[in-house]
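Observations on chain architecture
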Amino acid sequence: MERLFNGVVTILAARCFFPKKIHAVMDASEIQSTELCQGCGKVSKEKAPELRRRKGRIRKVLESVFGFKIWVVWDPVSRLPLALRFAKIEVSDIDLAREVVEQAVTNLQDHAAIASLAIDRGFMDGKFLWWLHDSMRIMFYIPAKTNMDVYEDAISLANGGIRQTRDKTRSV
C-alpha cells in the first residue's frame, strides 16, 4: 500500500501538481484496532483518569491498546499527503520520522522541494533535527510550551513583533 501511494505522489509531482516550495507538516497518529487484527502491535497506556481513590490517592490504571501507527508528511495547501509510512503501534514517533521525510523528498524528486516542516514535540530529537537542518536544508518549526527555555529565548528575540498567546483552561 505504501509503494502504491508513494508512486501516485511521484506522478502528481511530475505533473507539477505541487508548488516549487512546500511548507509541509508531519505527524504520527495511532490507528487502534482489536487484538484479533492480524499483524497489529500492542502498547500499554495510562487510562483516562477516572478518579479512583484508594487511601487518599488517585490510582493510575493501565490498559492495553492494539493497533498500528501512521506517519504522514503532507502539504497543507493542497491537503494531500506527500509520503506515508505504517508500522506497529509500539514504534516511537521519532523512529520512522527520518524515513518518511526522505520518502517525501524522493516522491517530489526535482519537481518540488520541502522548504520547511512543522512538527510536534514528539519529534524533538537532536540527531533528527540536526539532519533536517544540516543535511536536508529544511527549516523546522516546533510549538513551544511557556515553561520551556526556548520559549523565553524566542520572546526575548521578538521584542518588536506582534506576539500572540493561546490560553486554554482545563478542568480536572
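Look a little higher up for the structure.
Notes on the structure follow. (Residues numbered from 1 in each chain as written. Predicted model: local features only at pLDDT ≥ 70, side-chain atom pairs only at ≥ 80, totals over all residues. Heavy atoms only, no water.)

Notes on the overall build of the protein
- Within the protein one finds four helices and eight strands.
- Order of helices (α) and strands (β) in the protein, N terminus to C terminus: α-β-β-β-β-β-β-α-β-α-β-α.
- When each of the 172 residues of the protein is scored for burial, the buried share is 26%.
- At a minimum sequence separation of 6, the contacts of the protein that also span at least 24 residues come to 61%.
- With the model as given, the accessible surface of the protein reaches about 12600 Å², and the carbon-plus-sulfur share is 53%. (Helix = DSSP H or I, 4+ residues; strand = E, 2+ residues; numbered from the N terminus. Buried < 20%, exposed > 50% of the residue type's maximum accessible area, 1.4 Å probe, protein only. Contact = heavy atoms within 4.5 Å. Areas by Shrake-Rupley, 256 points an atom, 1.4 Å probe, with all protein chains shown as cover.)

Quick notes on the environment of Met-124
- Note on placement: Met-124 falls in the loop between strand E7 (113-118) and helix H3 (126-135).
- In the structure, Met-124 is positioned 30 residues away from Ile-94 in sequence and 7.7 Å away in space, judged by C-alpha atoms.
- If we ignore the near neighbours within four places in the chain, the residues touching Met-124 are Leu-129, Ile-142 and Met-148.

A short note on the packing of helix H1 (residues 2-14) against helix H2 (residues 97-108)
- It is the contact of H1 with H2, at a shortest axis distance of 7 Å, that shows an interaxial angle of 45 degrees. Between H1 and H2, the crossing angle belongs to the class labelled oblique. Contact residues: H1 offers Asn-6, Val-9, Thr-10 and Ala-13, while H2 offers Gln-103, Asn-107 and Leu-108.
- Split into classes, the residues belonging to the contact of H1 with H2 amount to three nonpolar, four polar and no charged. (Axes fitted to C-alpha atoms, helices over the stretch in contact; angles between N-to-C directions. Parallel < 35°, antiparallel > 145°, perpendicular 65-115°, else oblique. Nonpolar A, V, L, I, M, F, W, Y, C, P; charged D, E, K, R; others polar.)

Observations regarding the pattern of salt bridges
- For the structure shown, the criterion picks out six salt bridges.
- Among the ionic pairs, Arg-85 bridges to Glu-2, the shortest N-O distance being 3.3 Å. Of this pair, Arg-85 sits in strand E6 (residues 80-88) while Glu-2 sits in helix H1, and the two are 83 residues apart along the sequence.
- Residue classification places Arg-85 among the partly exposed positions, given a relative accessible area of 25%.
- Several salt bridges converge on common partners, so that one network encompasses Glu-2, Arg-85 and Glu-99. (Salt bridge = Lys/Arg side-chain N within 4 Å of Asp/Glu carboxyl O.)

Focus on the nonpolar core
- The biggest cluster of nonpolar side chains holds 28 residues, and the ones touching the most others in it are Met-26, Val-73, Val-101, Leu-117 and Phe-128.
- Taken together, the elements giving at least two residues each to this core come down to H1, strand E1 (21-33), strand E5 (62-75), E6, H2, E7 and H3.
- Excluding anything up to four places from it in sequence, Val-73 contacts Ala-24, Val-25, Met-26, Pro-81, Leu-82, Ala-83, Val-100, Val-101, Ala-104, Ile-114 and Leu-117. (Core = buried A, V, L, I, M, F, W, Y, C linked by side-chain atoms within 4.5 Å.)

Observations regarding the packing of H2 against H3
- Here H2 crosses H3 at 20 degrees, and the two axes come no closer than 10 Å. In terms of axis orientation, H2 runs roughly parallel to H3. Along this stretch, H2 crosses H3, giving a crossing that reads as right-handed. Residues Ala-97, Arg-98, Val-101 and Glu-102 of H2 form the contact with H3, whose own contacting residues are Phe-128, Trp-131 and Leu-132.
- The residue makeup of the contact of H2 with H3, split by class, is five nonpolar, no polar and two charged. (Left-handed = near helix turned anticlockwise from the far one by under 90°.)

So, the state of the cysteines
- Following the criterion strictly, the structure yields zero disulfides and no others.
- For the unlinked cysteine Cys-37, the closest cysteine sulfur is that of Cys-40, found at 5.3 Å.
- Here Cys-37 falls in the partly exposed class, since its relative accessible area comes to 29%.
- For Cys-40, a relative accessible area of 16% translates into the label buried. (Disulfide = S-S within 2.5 Å.)

Just geometry here; none of it tells us what the structure is for.
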